[in-house]
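# Structural description and commentary
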Amino acid sequence: MALNVDEGLYAYLSTYAGLIALTSTRIYPLLLPQDCALPAVTYQRISDPVDHAMGADVTTYHPRYQVSCWATTYSGVQAVAAQVKAALRDISSSAFGGVGGENVLRVFYEGSFSNYDPNTEEYQETLDFIIWYN
């Protein structure tokens, strides 16, 4: 089921004006392409927990997604991260456009961590979100 949310997440991020202004079309699932121009964004589903109920199927899901922002400067990666947060923080289906055909109930920002790779000289800010949908 989360595959539709994956597609919807891409569709939503790739049309968010503030993010596009910084990354153009450089939004990728899972991996940053080799020699990719920066800034850019990658996203991936980290977990897709299953809720259990006695005698009935649970129809509400809440996968965790990580959205990683990449840039050649710390200020650049922070600017991209701010746009991703603005795009996704606390939104619901009406703003998310019925993400991938799913009824998105809410998107919650869960936190982030920063990283710098001295070998590639790239800054990374990784943001975690929980997407509740049914």
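Everything numeric here is computed off the predicted structure, so don't read it as measured data. (Residues numbered from 1 in each chain as written. Predicted model: local features only at pLDDT ≥ 70, side-chain atom pairs only at ≥ 80, totals over all residues. Heavy atoms only, no water.)

### Overview of the sheet that holds strand β3 (residues 64-71)
Definition in use: Whether two strands pair comes down to DSSP finding at least two bridges between them. Runs of H or I in DSSP of at least four residues are treated as helices and runs of E of at least two as strands, each being numbered from the N terminus. Here, axes are lines fitted to C-alpha atoms. For helices the fit covers the stretch in contact, and angles between N-to-C directions go from 0 to 180 degrees. Working rule for contacts: check all heavy atoms of both residues, and any pair within 4.5 Å makes them a contact.
Reading across the sheet, the five strands line up as β1-β2-β3-β5-β4 and stay open at both edges, with mixed pairing between neighbours. The two strands at the open ends of the sheet, each matched to only one other strand, are β1 (27-29) and β4 (104-117). Adjacent strand axes in the sheet meet at a mean angle of 25°, parallel and antiparallel pairs treated alike. Strand contacts of helix α3 (residues 74-88): β2 (40-47), β3, β4 and β5 (122-133), with the helix running at about 10° to β5, the strand carrying the most contacts.

### Comments concerning the side chain of threonine 42
Counted only if it meets this: Working definition: with a 1.4 Å probe on protein chains only, accessible area under 20% of the residue-type maximum means buried, over 50% means exposed, and in between means partly exposed.
Mapped onto the elements of the fold, threonine 42 is located in strand β2. The exposure class of threonine 42 is buried, given its relative accessible area of 4%. Not counting residues up to four positions away in its chain, the partners in contact with threonine 42 are Tyr28, Leu30, Leu31, Leu32, Gln66, Val67, Ser68 and Trp70.

### Digging into the nonpolar core
How we decide: For the purposes of this section, nonpolar cores are sets of buried Ala, Val, Leu, Ile, Met, Phe, Trp, Tyr and Cys residues that join through side-chain atoms within 4.5 Å.
Core analysis: the largest hydrophobic core is formed by 26 residues, its most contacted members being Val84, Leu88 and Phe129. Of all elements in the fold, only α1 (2-13), β2, β3, α3, β4 and β5 reach the threshold of two or more residues within this core. No other element matches α3, which puts six residues into this core. Excluding residues within four positions of it along the chain, valine 84 makes contact with Leu19, Val41, Val67, Cys69, Leu127 and Phe129.

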